[in-house]
Protein chains: 2
Amino acid sequence: MKTKTEETTEKGAKIKITKRGEDFSRWYTDVIAAAEMADYAPVKGCMVIRPYGYAIWENFQKVLDKMFKETGHENAYFPLFIPESFLKREENHIEGFSPELAVVTHAGGKKLEENLVVRPTSETIIYDSFSKWIESWRDLPLLLNQWANVVRWEMRTRLFLRTTEFLWQEGHTAHATENEAEEEVLKMLEVYRKFSEEYLALPVIPGRKSENEKFAGALRTYCIEGMMQDKKALQCGTSHNLGQNFAKVFDVKFLDQEGTKQYVWQTSWGVSTRLIGALIMAHGDDNGIIVPPKIAAVQAVIIPIWKSEEEREKVLEAAKKLYEELKDGGIGVRLDERDLRPAWKYFEWERKGVPVRIELGPRDIEKSEAVMVRRDTGEKRNVLQKQLADEVKKELEAIQKNLFDRALKFQKENTFETEDWEEFKKIMAGDGGFVKANWCGETKCELEIKEETKATVRCIPFNEKASGKCIHCDKKAKEKVIFAQAY
Amino acid sequence: MKTKTEETTEKGAKIKITKRGEDFSRWYTDVIAAAEMADYAPVKGCMVIRPYGYAIWENFQKVLDKMFKETGHENAYFPLFIPESFLKREENHIEGFSPELAVVTHAGGKKLEENLVVRPTSETIIYDSFSKWIESWRDLPLLLNQWANVVRWEMRTRLFLRTTEFLWQEGHTAHATENEAEEEVLKMLEVYRKFSEEYLALPVIPGRKSENEKFAGALRTYCIEGMMQDKKALQCGTSHNLGQNFAKVFDVKFLDQEGTKQYVWQTSWGVSTRLIGALIMAHGDDNGIIVPPKIAAVQAVIIPIWKSEEEREKVLEAAKKLYEELKDGGIGVRLDERDLRPAWKYFEWERKGVPVRIELGPRDIEKSEAVMVRRDTGEKRNVLQKQLADEVKKELEAIQKNLFDRALKFQKENTFETEDWEEFKKIMAGDGGFVKANWCGETKCELEIKEETKATVRCIPFNEKASGKCIHCDKKAKEKVIFAQAY
């Protein structure tokens, strides 16, 4: 029989993390495994979200759900299955989603009369209900949200970033006027920006999508785009102004205050488990992931250190006292009492990106101190036990700020402005990054740029003015946009 | 153009609730519609859970999730799709679920190599992960829970009670010993009992299922059974001891402390949106549903009453003050400011089962009072405004207690004990109810009883002793059980 330490050493020895500089893509896969965030499932492209990863998603849900409710939205639940004919009613919608659908053809031992699609998004099934619920202006605005799983049959999948099934929320609203719908779309984009920047510590660029990148069936799509450590862009959330497109095909009408029947104006907006991927790629380092304190499942972990059974008892007693104090102080704290070598515990919690580690050994106890270690910088300092709760709180705030600041610095350092096509190509062929440039606004040109450089229009930021000619073709520039290679 | 009142009258006039005594089944459908809890979806047997119904489910989730975490469980998420071959590995499991499966045969525009089943329950896909995660005794017990949607293709469906897709939680655990697994199974049954009785105000009878009624693939199934107002039984939650059945087919082994490889012992347990149906059928009356205060989305509603614009302003000001006071007192309160006749608002909130209604008109304000009305008894009394928060809290407690007490009284009055088969048949052919009787324990006999009376063994309660002969056949009694017709 192996000793406990040997067993643990074996388990620890399995964890090897590729360096970011070596192979960013392998690093990503490695840190997810090392932090026990998720596994690939036996079904192609599906994932198993493990407890540590799911606890982070639960925190996302808690914060976002509160923000949605504060902006007047209620949750509801609509069916997983959508009749195939529903999806076909909105022409652009079915064209966009058709290649990605999973289809139920048999159920209860029989072939179905009509195939059922596993929802890739729920506009069509939800607006069928809207058409029954909405009668007059009194029923507007209708502000709903749904937390659900959706399925899009993707060819290439990556954990969190692009999986066949993923978890998300989808907001769906109906309004009496075009203006109100546009206000809602921008309000929810702002909710997403705030969530990304204040909770995920991820600076994002809000803007509008190009025609080519907008949601299938929308009038306009807005988005927030973040930069990952490999300088690629990741779309972190989208908010769609659907106009009256779906209202017309699902006959969602209301009687206005003058007694006239009118089509409603609609919006939809969503973020998904993809944001966990964003968090990993924005902040992680060569030792593992780093979870921003405001969204961390575990904010601080206490590691008691002992050599003898006598020490063990004494140290655990002090550790439990500190644990209670931190808990009472509102800190998400865990006490790791396992009978393992402290160094192994350090590595494990480092891989899992817990923001603050507290080490407590017999000598610290003699001095009424503990050692506090920051995950983001590795800084280590002694803190008096009686000040520990306060100091941890300050440290968590400092870490949250530092993660944001350094991500913003990185984004700024890797955002370039150019009017020269050769320079544009050079950047995209080299280290990449965001390039702010003038663009003609035409899809044909956008696709040519993509073909040559793999870069696409990530967004058309607000309050930017185009001037001169398009970066790629000779036409007059219509927009100043952000180009980047993207996930 | 219609006036507001006419419009509302029309809407109100649509709501007709069949009396319970006339047709319980239609009453059930009517109150769900009248309370805007749920709709049937355009897909056969699926439902749309409307915001008011979903808010109640969210409250269930909040309470249960806390109880699961307090008993050491963590949440995780596993795929919606299960390879058909996985389900087939456990013989009884596939036999039980095979007739109810929805099957994805095509995805991404192609026929799949292996059909995928939409999860009817997740034992197989979860235990595939368990087999990868569990290595030694250190990894046990593994205590997980999943909140998810599942699909069972049912022939006859009823909103909440039996729908093709439903929402639930499924707990899945693995243990080192048979004893530990049995302890877990009973611990979670007790969580469900507590939740039903203390939150849903629904008295239940805990016990074991007969062989015929147990979960497909389990060693033993435990359950809690509640009595509805039509005297039928509703299974409100189940907890399964899976033994090593699944461990053996999914090869879930651990290295014990002596260094020997052993199969784990497993449990699974779940409750679903069906519990919303239980709440409706246990407490509702001819005016609508009644939501127990501890689980209500809205615990108290304030209805301001005015005739002139001048009164309106004054009353709304006082109403807002009361709203804030109640909110600060921790009461889930809503202020209904809509420009509708007070009587229409009373009816609406009555249909929605809000436990306490507060009426506030100009004359109440003059006396610094408000009128408080109980949903369960209709009792109405004047309360001084400064005592309102306290009085509402007391009233909510009293309502919670009364709902439980009267449901328990009803259950006791309609539970009979007999040793006479003719009497048994008479009860089941008449008003029905629970019949406690001796039984031989054989499936053949149970099925004969069902054939003749539509009653089945609902559960074998703990601490009951059999004596004499089986109620139906001449064999020696093995168990004393509860028989009833059931949902």
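A quick note: this is a predicted structure, and the numbers were derived from the prediction, not measured.

We now examine the overall build of chain A. When helices and strands are counted, chain A shows 15 helices and 23 strands. Dimensions of chain A along its principal axes, counting C-alpha atoms only, are 80 × 60 × 45 Å. Per-residue burial over chain A gives 60% buried out of 487 residues. On chain A, roughly 20600 Å² of surface is accessible, and the fraction owed to carbon and sulfur atoms is 47%.

Okay, the nonpolar core next. One finds A:F81, A:V118, A:F130, B:F81, B:V118 and B:F130 to be the most contacted residues of the largest nonpolar core, which totals 88 residues. Ignoring any residue separated from it by four or fewer positions in sequence, one finds B:V118 in contact with A:L80, A:F81, A:V104, B:L80, B:F81, B:A102, B:V104 and B:V151. The next biggest cluster of nonpolar side chains, apart from the first, holds 62 residues, and it includes B:I17, B:F160, B:V204 and B:W349.

A word on the sheet that holds strand 19 (residues 380-384) of chain B. Residues and elements named next belong to chain B. With mixed pairing, five strands are arranged side by side in an open sheet as 16-15-17-18-19. The open sheet is flanked by strand 16 (333-335) and strand 19, the only strands paired with a single partner. Going from strand to strand, the sheet's axes swing by 25° on average, the running direction of each strand aside. Pairing between strand 17 (residues 356-360) and strand 18 (residues 369-374): four bridges, direction antiparallel. Within strand 18, the position partnered with R357 by the bridge is V373.

Least-squares fitting of chain A to chain B yields an RMSD of 0.0 Å, with the transformation described by 0.0 Å of translation along the axis and a rotation of 180°. Here the symmetry operator amounts to a two-fold rotation axis. Among all C-alpha atoms of chain A, that of A:V104 lies closest to the rotation axis, at 2.1 Å. Most of the interface of chain A is mirrored in chain B, where 100% of its interface residues are also at the interface.

Domain parsing of chain A yields domain 1 (24-283), domain 2 (300-395) and domain 3 (415-484). Once you take the C-alpha centre of each, domain 2 of chain A and domain 3 of chain A turn out to be 50 Å apart.

Turning our attention to the UniProt feature "domain: Aminoacyl-transfer RNA synthetases class-II family profile" (unreviewed entry) in chain A. Mapped onto this numbering, the UniProt entry gives "domain: Aminoacyl-transfer RNA synthetases class-II family profile" (unreviewed entry) at residues 50-292 of chain A. Between the end C-alpha atoms of residues 50-292 of chain A the distance is 19 Å, and the span holds 34% helix and 33% strand.

What follows concerns the pairing of strand 19 (residues 380-384) of chain A. Residue and element names in this part refer to chain A. Looking at chain direction, strand 18 (residues 369-374) and strand 19 are connected through five bridges and run antiparallel. Of the residues in strand 19, the one forming a bridge with V371 is N382. In sequence, strand 18 turns back onto strand 19 through a hairpin of five residues, with G378 there showing a positive phi of about 80°.

Mapped onto the secondary structure, A:G259 falls in the loop between strand 12 (253-255) and strand 13 (261-263). Linking A:G259 and A:R334, residues 75 residues apart in sequence, is a C-alpha distance of 61 Å.

Before going further, it helps to examine the sheet that holds strand 10 (residues 220-227) of chain B. Residues and elements named next belong to chain B. In space, the 11 strands of this open sheet follow the order 3-7-8-14-11-10-9-22-23-21-20, with mixed pairing throughout. Each of the sheet's edge strands pairs with one partner strand only, and the pair in question is strand 3 (74-75) and strand 20 (415-417). Bridge analysis of strand 11 (residues 233-243) against strand 14 (residues 265-272) gives five bridges, and the strand direction is antiparallel. Pairing of N241 across the sheet is with T267, part of strand 14. Contacts between helix 6 (residues 123-133) and the sheet are confined to strand 7 (142-151), strand 8 (165-175), strand 11 and strand 14, with strand 8 contributing the most and set at about 30° to the helix. Contacting strand 7, strand 8, strand 9 (204-208), strand 10, strand 11 and strand 14, helix 7 (residues 178-199) runs over the sheet at an angle of about 10° to strand 14.

The subject of this paragraph is the interface of chain A and chain B. Each partner contributes residues to the interface: chain A has 62 residues there, and chain B has 62 residues. With both chains or domains summed, chain A and chain B bury close to 5100 Å², and 58% of this area falls on carbon and sulfur atoms. Of all residues in chain A, the largest losses of buried area upon contact with chain B belong to A:Y77, A:W133 and A:R138, amounting jointly to 13% of the total for that side. Applying the counting rule to chain A against chain B returns two salt bridges. With its nearest N and O atoms 3.0 Å apart, the salt bridge here joins A:E58 to B:K69. For the side of chain A that touches chain B, the leading source of residues is strand 5 (residues 102-107) of chain A, giving six residues. Where strand 5 of chain A lies against strand 5 (residues 102-107) of chain B, five bridges are found, and the strand directions are antiparallel. Bridging from a neighbouring strand, A:V104 pairs with B:V104 of strand 5 of chain B.

So, about unusual backbone geometry. Cis geometry marks the peptide bond from A:L140 to A:P141, where omega comes out at -10°. Mapped onto the elements of the fold, A:P141 is located in the loop between helix 6 (123-133) and strand 7 (142-151). Despite not being glycine, B:E36 has its phi angle at roughly 55°, a positive value. Within the secondary structure, B:E36 is located in the loop between helix 2 (24-34) and strand 1 (38-40). Its identity as a non-glycine residue notwithstanding, B:N463 has a phi of 60°, on the positive side.

In this section: empty space enclosed by the protein. Counted according to the given criterion, the structure contains one cavity of 30 Å³ or more. A volume near 40 Å³ is recorded for the largest cavity. In this structure, the largest cavity is lined by A:M47, A:I49, A:E165, A:F166, A:L167 and B:Y77. Looking at the lining of the largest cavity, the elements with two or more residues in it are strand 2 (47-49) and strand 8 (165-175) of chain A. Broken down by element, the residue count for the lining of the largest cavity peaks at three residues, all from strand 8 of chain A. Split into classes, the residues belonging to the lining of the largest cavity amount to five nonpolar, no polar and one charged.

Right, let's talk about the side chain of A:T418 for a bit. Residues and elements named next belong to chain A. Mapped onto the elements of the fold, T418 is located in the loop between strand 20 (415-417) and helix 14 (421-429). Since its relative accessible area comes to 5%, T418 is described here as buried. Engagement of the side chain of T418 in a polar contact is seen with the backbone nitrogen of D420, the distance being 3.0 Å. Excluding its chain neighbours within four sequence positions, the residues that come into contact with T418 are E423, F424, V435, K436, A437 and I471.

Criteria and cut-off values
- Residues numbered from 1 in each chain as written.
- Chains lettered and ligands numbered in written order.
- Predicted model: local features only at pLDDT ≥ 70, side-chain atom pairs only at ≥ 80, totals over all residues.
- Heavy atoms only, no water.
- Helix = DSSP H or I, 4+ residues; strand = E, 2+ residues; numbered from the N terminus.
- Buried < 20%, exposed > 50% of the residue type's maximum accessible area, 1.4 Å probe, protein only.
- Areas by Shrake-Rupley, 256 points an atom, 1.4 Å probe, with all protein chains shown as cover.
- Core = buried A, V, L, I, M, F, W, Y, C linked by side-chain atoms within 4.5 Å.
- Contact = heavy atoms within 4.5 Å.
- Pairing = 2+ DSSP bridges.
- Axes fitted to C-alpha atoms, helices over the stretch in contact; angles between N-to-C directions.
- Least-squares fit on C-alpha atoms with pLDDT ≥ 70 in both.
- Domains from an automatic or database assignment.
- UniProt positions renumbered as here; feature names shortened; annotations may be inferred.
- Buried area = accessible area lost by both parts, 1.4 Å probe.
- Salt bridge = Lys/Arg side-chain N within 4 Å of Asp/Glu carboxyl O.
- 1 Å grid on protein atoms, 1.4 Å probe; cavity = no way out; pocket = protein on both sides within 12 Å on 5 of 7 lines; lining within 4 Å.
- Points joined across faces, edges and corners; volume = space filled by probe spheres on them.
- Nonpolar A, V, L, I, M, F, W, Y, C, P; charged D, E, K, R; others polar.
- Polar contact = N/O pair within 3.5 Å; in protein donor to acceptor, adjacent residues only side chain to side chain.

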